[in-house]
Each structure stands twice: as structure tokens, then as C-alpha cells.
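Next come the chains, spelled out residue by residue.
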Amino acid sequence: MLPTDSYAWQYLESTVADVLQSYAYKEIRFPVLESTELFKRSIGEVTDIVEKEMYTFDDRNGESVTLRPEGTACCVRACEQNGLLYNQIQRLWYQGPMFRYEKPQKGRLRQFHQFGVETFGMAGPDIDAEMLLITSRLWRELGISDAVTLQLNTLGTSEERKAYRAALVAYLTERKDQLDEDSQRRLGSNPLRILDSKSVSTQALLNDAPNLHDYFGEETQAHFNGVKAFLDAAGIEYQINPRLVRGLDYYCFTVFEWVTDKLGAQGTVCAGGRYDGLVEQLGGKATPAVGFAMGVERLVLLLQELNAIPEGLSQAVDVYVVAMGNVQAPAFQLAEQVRTALPHLRVMSHCGGGKFKKQMKKANDSGADVALIIGEDEVAAGQASIKFLREEREQQTLSVEEIIAVLQS
RNA sequence: GUGGACGUAGCUCAGUCGGUAGAGCCCCGGAUUGUGAUUCCGGUGGUCGCGGGUUCAAUCCCCGUCGUCCACCCCA
């Protein structure tokens, strides 16, 4: 990521941090490198991520380690090892690089970055809804609400899913020859993923297939209705998508995705759901949990696509200090005085000498609104000149105090 | 992993039906010895991704390789 993009990242990062802070979430940080076993046990052995997308290697002790492909498992491990989950409620967030060995394309990189939120110890639909309140508010803060839509589904309990899975496999096995090639392969490995296949013919075939929602018992229905009721009350729009499934094994009940049609093939900008079984699966006490992750690169692309980054953020300089003649030391001193008095201003001192004309051109190109000019005359008089580069206004030669006063206004 | 496109100056790209390359922007100098944005003039800058093959001669044709992009797949 280059300086031309970093301001967009900083804008996104600070907006996300502010929103999460306003919901009283706490930041957690954990390592980039984890034991390979952690991901096999959490994400699922037969998922694509674990089977072919992990950066896995042996360390010097011969232990298999992996660059994290996602944050949830790492977060659970870190919390578990530090006693944050035992009979406790946690609302946490994190941020950082993730690694998946995939073929790069737009919105999909081998090292990419996520914001993640994980909550523990809350079983009701209210905290599920809070995930969507948070993300919905974030889109509003970022000015991209119109570009994203919420897809919502529930996966029920693992027993319900198991029963449905059997019915789906039975139905599709009878019609295997009508399935596309990828779906035929998934029939054996991960049949639920056939539901969100992009193949038109496969989707048509699914219209008469068993419906997951027919397999839900009272608990699942009630939980899902609860989530929907909170969303309705909050005025958050959503689409129920019964074919929305997740690529990671640990999800149950509520799952959701925020998607956009503005980014080409990689349209999911944020996704998450409930994963009540994971903590126990990783050796802890059974703990309800909900969370989500957002793709930073995709959100930055979307912000840029929509021109949603506030003007002025890309400007790096407010004041450019020009030194005429052999007065670099006093010029530095002037710049330091301005920085001390007005720390919010970005003050750049010209370095490298050169002709005055050249320095003025640099001042202009820097994007600064004003240039402070100091030469031998000014040094002798204990003054400096202030020139306004973006407005019709007379250049003035003033004392340092007066210049600071002008800059302040 | 599969398919397609593309790698020429710092950037965006043109070009040579095979005879070792050009524009715009950027940068530097000048018109203008202490005043930028508009002009005008001049200049620097390229083993034409890398390796092999064909040829008198390859940036161009062929093969391989690496990289990038887009889509599939997968997912944030």
C-alpha cells in the first residue's frame, strides 16, 4: 500500500475504530502466526481454506505453523488462553493482515486485511442484531449505505443442518448429471456450498430442492424471528437469502453478508454470524459467540469507487517553509515554533536548497495553503513573510507571533 | 488449481507487416539574480519483463519462464 492510498486506509481505520468505541468494544491483538492445528480444528479440515489456501510450514522445531487465514480462531485461542471467556461477556475487535494462497484478483489478495468483531457469552438474538446495528452505522458514517445490501439467513443447529444436508444430498445425488462440475465435486465434500453456486442451471435445479428452513425447530425459528424483529425495529433493511451459507464450518444460527455490486466478482464487503460451538470445539467451556469480519481492501475500493473519501484528506501539507539564501537554521526554527504553537498543522520545511523559484514551485505542488518565506532580510528583522497560495490575499511580512496568529485564524 | 488478456521511459500508452524506439505527463535547465499556479524554448531518461530458439538481423515471430490484471473457483 502506497502513500497515495494510505490516507484512505487511515480514514477507514479511524472511522471503524470510532464506531466500535461508541459501542464500547475493546481492541484485542494477537499473533499473525499460529499452530496449524488451530485452523484445522476451527475452520474445518475439508474447507478450501484449510485444504489449499493456507501458508503452512514447519518451524525450527518441526512444528507445523500457519500464517493466519482469518481472525476468529486466533481470537478464541488468545481469549481462551488468557481466561477471558470463563463465565464472562466480551465484546472485542481487532484489525490486521490475513493470508490465503489464492490467485489474486480485484478485491482478493494473498495478504489482505480485516477488521473483525467477536463477542462471547451472549446467546440471544439481541447481540446478533447488535452486529448489524454496528455495521449499518458504519456504512452510514462512511456514506456508503446505498451501495451495500444486507443478506440474512439462519443455519439452525448442527442437528438441523445435518438432517437437511442428508435430504439435500439425496435430492441432488439423484440429479447429479444435471449439476455443474464444481457442484458435483462439492456434493461429496461440502454440499451446503452448492446452495450459493453461481451456475444458473444449478440454481434452477435447487428451486425444487428441499428447503433448509423446513428443517428448523422452534428454537431456531424463535432466534431468527428475534433477530428480524430487532432489525425491523431499528429500520435496517435486509433480504432473507435461504441459500446464504458460509465457507467456514463453525457457523450456526444467524449468518449474514453485506454485499455490493460495485466491485466486480468480489462483492462481499463484510460477513459474519453466530458460532456457538467453536469455543468448546477448541477446548474451552461451551460459550455462545457472534462476530463478523470486514475486508479493508474491498471497503477502500468501494470508498474510492463511490468518491466517498472526504476532500482534503489527501492533502499532506498545510504550511510550506521556504528558505531564501543561507538561512536554513532560522527557517527550521520558524517551522518548529509554528509546530509548537499549532500542532494540528502539517508543516513541511524545504530541504535541499535550490533556487527560490524552485522552492516556491515545491511549495505550490505540496498542496499547502500558505508558504512561509524567510530570507536574510527577514532574519535580520526577526520576521517572516506569509504568502497565501490558494486565495487572493496580500503577502505580509510579520513577526513570528503575528504569523502564528494569522495561521490560527 | 482452471481460463483469458497484458508486461516498451518514473507514470499513462503508441509503435516497428523483423532493420536495436516515440508521445503526453513527471523531472532538470532557460525566458524571469527574492515569488508558485498559465505560457514558450531546450534537455535528461529505455539491456522494449527474463531465458532460449528461428534469422544476416528479434522489442516484434516461436517455445519456456516470471509477474500483473480480469473471470472461474474461493471468500472478507
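Notes on the structure follow.

What counts, and where the lines are drawn
Per chain, residues are indexed from 1 in the order of the written sequence. The lettering of chains begins at A and the numbering of ligands begins at 1, in the order of writing. In keeping with the model being predicted, local features are shown solely for residues with a pLDDT of at least 70 and side-chain atom pairs are shown and tallied solely at 80 or more, while totals for entire chains, interfaces and linings include all residues. Only hydrogens and water are set aside; all other atoms, that is, all heavy atoms of the structure, feed into the side-chain values. Strands here mean DSSP runs of E at least two residues long; helices mean DSSP runs of H or I at least four residues long; both are numbered from the N terminus. As defined in this context, the radius of gyration uses C-alpha atoms, and a globule is described by 2.2 Å times the residue total to the power 0.38. Each residue's exposure class comes from its accessible area (1.4 Å probe, protein chains only) as a fraction of the maximum for that residue type: buried when under 20%, exposed when over 50%, partly exposed otherwise. Contact definition: two residues touch when any of their heavy atoms are within 4.5 Å. Values of accessible area rely on a 1.4 Å probe in the Shrake-Rupley scheme; residue burial ignores everything except the protein chains shown. Positive charges come from Lys and Arg, negative ones from Asp and Glu, while His and the chain ends are left out of the count. Where a charge lies is defined by one atom per residue type: Lys uses NZ, Arg uses CZ, Asp uses CG and Glu uses CD. By definition, a salt bridge exists where a carboxyl oxygen of Asp or Glu is found within 4 Å of a side-chain nitrogen of Lys or Arg. Polar contact is defined as a pair of N or O atoms within 3.5 Å, subject to the rule that within protein one atom must be able to donate a hydrogen and the other to accept it, and that residues adjacent in sequence are counted only when both atoms are side-chain atoms. Expected helix span is computed as 1.5 Å times (number of residues minus one). Throughout, the arc means that of the directions going from the helix axis to the C-beta atoms. Being near a molecule or strand, for a residue, means having at least one of its heavy atoms within 4 Å of it. Pairs of strands are assigned from DSSP output, requiring at least two bridges between the strands.

Attention now moves to the overall build of chain A. In terms of helices and strands, chain A carries 15 helices and 16 strands. Over its C-alpha atoms chain A spans a radius of gyration of 28 Å, topping by over 25% the 22 Å that the globule rule assigns to 409 residues. With the principal axes as the frame, chain A shows a C-alpha extent of 90 × 50 × 40 Å. Taking all 409 residues of chain A together, the buried fraction comes to 50%. By sequence separation, contacts in chain A at least 24 residues apart represent 69% of the contacts at least 6 residues apart. Total accessible area on chain A is roughly 20300 Å²; 48% of this is exposed by carbon and sulfur atoms. In chain A, 42 positive and 56 negative side-chain charges are present, and the distance between their average locations comes to 4 Å.

For the rest of this paragraph, the subject is the side chain of Glu-297. Looking at where Glu-297 falls in the secondary structure, it is placed in helix α11 (residues 296-305). Buried and without a salt bridge, Glu-297 has Arg-298 as its closest oppositely charged side chain, separated by 7.3 Å. Side-chain polar atoms of Glu-297 contact the side chain of His-113, separated by 2.7 Å. Not counting residues within four places of it along the chain, the set of residues in contact with Glu-297 comprises Trp-9, Leu-109, Gln-111, Phe-112 and His-113.

We now examine unusual backbone geometry. Excluding glycine, a negative phi dihedral is what most residues carry, and trans is how most peptide bonds are arranged. Unusually for a residue other than glycine, Ala-24 sits at a positive phi of about 65 degrees. Locating Ala-24 in the fold gives a position in the loop between α1 (3-22) and β1 (26-27). Of the residues examined, Ala-24 reaches a relative accessible area of 58% and is grouped as exposed. Of note, the phi angle at Asn-87 is positive, near 55 degrees, even though the residue is not glycine. You can see Asn-87 is positioned in the loop between α4 (72-81) and β5 (90-99). Here Asn-87 falls in the exposed class, since its relative accessible area comes to 57%.

On to helix α12 (residues 328-341). In an α-helix there are 3.6 residues to a turn, and that puts residues three or four apart on one side. With 14 residues, α12 should reach 20 Å at 1.5 Å per residue; the first-to-last C-alpha distance of 20 Å fits that figure. Looking only at α12, the buried set comprises Ala-331, Leu-334, Ala-335 and Val-338. Projected onto a plane normal to the axis of α12, the buried residues spread over an arc of 95 degrees and lie on a single side. In α12, the exposed residues that point more than 90 degrees away from the buried face are Ala-329 and Thr-340. The secondary structure elements touched by the buried residues of α12 are β12 (319-323), β13 (347-349), β14 (370-374), β15 (383-388) and α15 (400-408).

Every one of the 47 residues lining RNA strand B counts as a neighbour, but Lys-106, Arg-108, Arg-186, Arg-193 and Lys-355 are closest to it. For RNA strand B, the fraction of protein-proximal atoms (within 4 Å) that sit in sugar or phosphate groups is 55%. Between a base oxygen of RNA strand B and a side-chain N or O atom of Glu-102, the distance comes to 2.9 Å. For RNA strand B, a base oxygen lies 2.8 Å from a polar atom in the side chain of Gln-395.

This paragraph deals with the pairing of strand β9 (residues 252-259). Most of β9 is tucked away, with eight of its eight residues classed as buried. Taken together, the six bridges between strand β7 (residues 149-154) and β9 define a ladder with antiparallel strand orientation. Note that in β9 the partner of Thr-154 across the bridge is Thr-254. Strand direction decides the pairing type here: β9 and strand β10 (residues 268-274), joined by six bridges, are antiparallel. Bridge assignment links Val-259 to a residue of β10, and that residue is Thr-268.

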